[in-house]
Amino acid sequence: MPNSQILPPRVGELEIYSQQLTDRRGIPSLSNLLLSPVEPDSKALESLIHKALCLHESPEGVAALTTIGVQVLQGLRTHTFGSRDQSEMRSHVLMFLQIVRRRFPRILITEQTQGDAATTRKTWGTDVDQYDSKNAADILVKKWILDGVVRSHPSRRQEPSRADNFKFHLIIALAHEIVHLFVGYLTGNSRVATPSRIAPPGERSGRIGESGRYWETTFLGGILEMRFPRGVARSSEPPVAYLGLGNASGTHLSRRISTNYINEFVTSRPHFPIRCASTEAAIPSSQLDIQYHSTPFRAAESNSESVGVMTRAQREDFRFRDSSGQFYGSSSSQQMSHGRYY
């Protein structure tokens, strides 16, 4: 097998920016610094995006996106599929994935997004034949989570597990965002919301669906949850990966994901559904909240064209607070770090 270091880029025209918050004459603003492809952050993200795309390019991944695509069309009045027969959806999923791999959207590494990652869909057109993923969205990635991949030191005790957990998390997070990108492929218009039926069971009461979480539920077998032990700074211990098993009755159970499965996932071809630790039963998430930091966040799917701007629906979704009425976290940056970290 050829050395992976001499292979051509697996993700085409990848542009990765580091987003910096600057202060100009007392006015805060964001500036984007283009990173070189040889920067550690760029190399790590290229590998993680490649693995995320591989999930969708597998036979199971194509089938999952095909099902989601048909369901999205059934919930929209207008879409970019036009008069095409829905039986053509599978071929369009394959076309979408080819386009995305050739021209991946701009990536912004930032602390300014409220979740682990986010997709800002843009209005790009009215026909899937004219789709260009580079101009259809921006994808934001949380900086400190990427740091967990890039800046873990293998010489330290537990560091290999720490890096694998962050890699596992970001691969799933990026695959989740590609699902949002796919919804944008079908809507063409950033103002068209995801149909409310495209959401996990128990989360379909709102007006906006959440295609990424729906994909996780149907493809992975549950919602990925990353948890830190209470009383420990998020930077000093590796997160623990759990699979959230919600159901239509609203009961929320979680099972710890097998460490061996995570290692297999990041080093070889993953298998689904996700494999949990066989010796541990599912437990109510409320019990985990006693032991772990808890900042649950049910993300409303964003249609905003302003990168880093939280929509009204997203602001209203920050309704999980502690007994004092404050979000968990000792600083403002931690309070905005909602997403999969619990």
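Fair warning: this is a prediction, and the values are worked out from it, not measured in the lab. (Residues numbered from 1 in each chain as written. Predicted model: local features only at pLDDT ≥ 70, side-chain atom pairs only at ≥ 80, totals over all residues. Heavy atoms only, no water.)

(A) View of the overall build of the chain. Assigned secondary structure in the chain consists of 10 helices and 9 strands. Per-residue burial for the chain yields a buried fraction of 50% across its 342 residues. Of the contacts made within the chain by residues no fewer than 6 positions apart, 68% connect residues no fewer than 24 positions apart. By element, 50% of the accessible surface of the chain is carried by carbon and sulfur atoms, the whole surface being about 16,300 Å². (Helix = DSSP H or I, 4+ residues; strand = E, 2+ residues; numbered from the N terminus. Buried < 20%, exposed > 50% of the residue type's maximum accessible area, 1.4 Å probe, protein only. Contact = heavy atoms within 4.5 Å. Areas by Shrake-Rupley, 256 points an atom, 1.4 Å probe, with all protein chains shown as cover.)

(B) Fine view of the pattern of salt bridges. In total, this model carries 15 salt bridges according to the counting rule given. We note a salt bridge from lysine 142 to glutamate 111, for which the minimum N-O separation is 3.9 Å. One end of the pair, lysine 142, is in strand E5 (residues 137-142); the other, glutamate 111, is in the loop between strand E3 (106-110) and strand E4 (117-121), with 31 residues separating them in the sequence. By relative accessible area, lysine 142 is classed as buried at 1%. The class of glutamate 111 is partly exposed, set by a relative accessible area of 31%. In this structure, the salt-bridge partner of glutamate 264 is arginine 275, at a minimum N-O distance of 3.4 Å. (Salt bridge = Lys/Arg side-chain N within 4 Å of Asp/Glu carboxyl O.)

(C) Examining the nonpolar core more closely. Core analysis: the largest hydrophobic core is formed by 72 residues, its most contacted members being Phe96, Phe104, Phe168, Trp215 and Ile257. By residue number, the principal contributor to this core is helix H5 (residues 159-187), which donates 15 residues. Contacts of isoleucine 257, omitting those with residues within four sequence positions, involve Phe168, Leu224, Ala241, Tyr242, Leu243, Ile262, Ile274, Arg275, Cys276 and Ala277. (Core = buried A, V, L, I, M, F, W, Y, C linked by side-chain atoms within 4.5 Å.)

(D) Region of interest: the sheet that holds E5. The mixed open sheet is built from 5 strands, whose spatial order is E2-E1-E3-E5-E4. Pairing within the sheet leaves two strands with one partner each, and these edge strands are strand E2 (27-34) and E4. Going from strand to strand, the sheet's axes swing by 30 degrees on average, the running direction of each strand aside. Of the strands in this sheet, strand E1 (16-24), E3 and E5 touch helix H1 (residues 40-57), which is tilted by about 120 degrees from E3. Packing against the sheet, helix H4 (residues 143-150) makes contact with E3 and E5, and its axis sits at approximately 65 degrees to E5. (Pairing = 2+ DSSP bridges. Axes fitted to C-alpha atoms, helices over the stretch in contact; angles between N-to-C directions.)

(E) The environment of cysteine 276, seen in detail. Residue placement: cysteine 276 occurs in the loop between helix H7 (259-267) and strand E9 (283-284). For cysteine 276, a relative accessible area of 13% translates into the label buried. For the pair formed by cysteine 276 and isoleucine 262, sequence separation is 14 residues and the distance between their alpha carbons is 9.7 Å. Excluding its chain neighbours within four sequence positions, the residues that come into contact with cysteine 276 are Leu243, Arg255, Arg256, Ile257 and Ser258.

(F) Examining the packing of helix H2 (residues 59-74) against helix H6 (residues 211-220) more closely. Orientation of H2 relative to H6, taken along the N-to-C sense of each, is 135 degrees, at an axis distance of 11 Å. Of the possible angle classes, the one that applies to H2 and H6 is oblique. With respect to the hand of their crossing, H2 and H6 are arranged in right-handed fashion. Here Glu60, Gly61, Ala64, Ile68 and Gln71 of H2 come into contact with H6, specifically with Tyr214, Trp215 and Phe219. (Parallel < 35°, antiparallel > 145°, perpendicular 65-115°, else oblique. Left-handed = near helix turned anticlockwise from the far one by under 90°.)

(G) View of the sheet that holds strand E7 (residues 240-246). An order of E6-E7-E8-E9 is seen for the 4 strands of this open sheet, with the pairing classed as antiparallel. Single-partner strands in this sheet number two, and they are strand E6 (223-227) and E9. Alignment of E6 against E7, held across 5 bridges, turns out to be antiparallel. Opposite glutamate 225, over in E7, you have tyrosine 242 as the bridge partner.

(H) Spotlight on H2. The terminal C-alpha atoms of H2 lie 23 Å apart, and with 16 residues this matches the ideal 22 Å at 1.5 Å per residue to within 8%. Every buried residue of H2 is listed here: Gly61, Val62, Ala64, Leu65, Thr66, Ile68, Gly69, Val70, Val72 and Leu73. (Expected span 1.5 Å × (residues − 1).)

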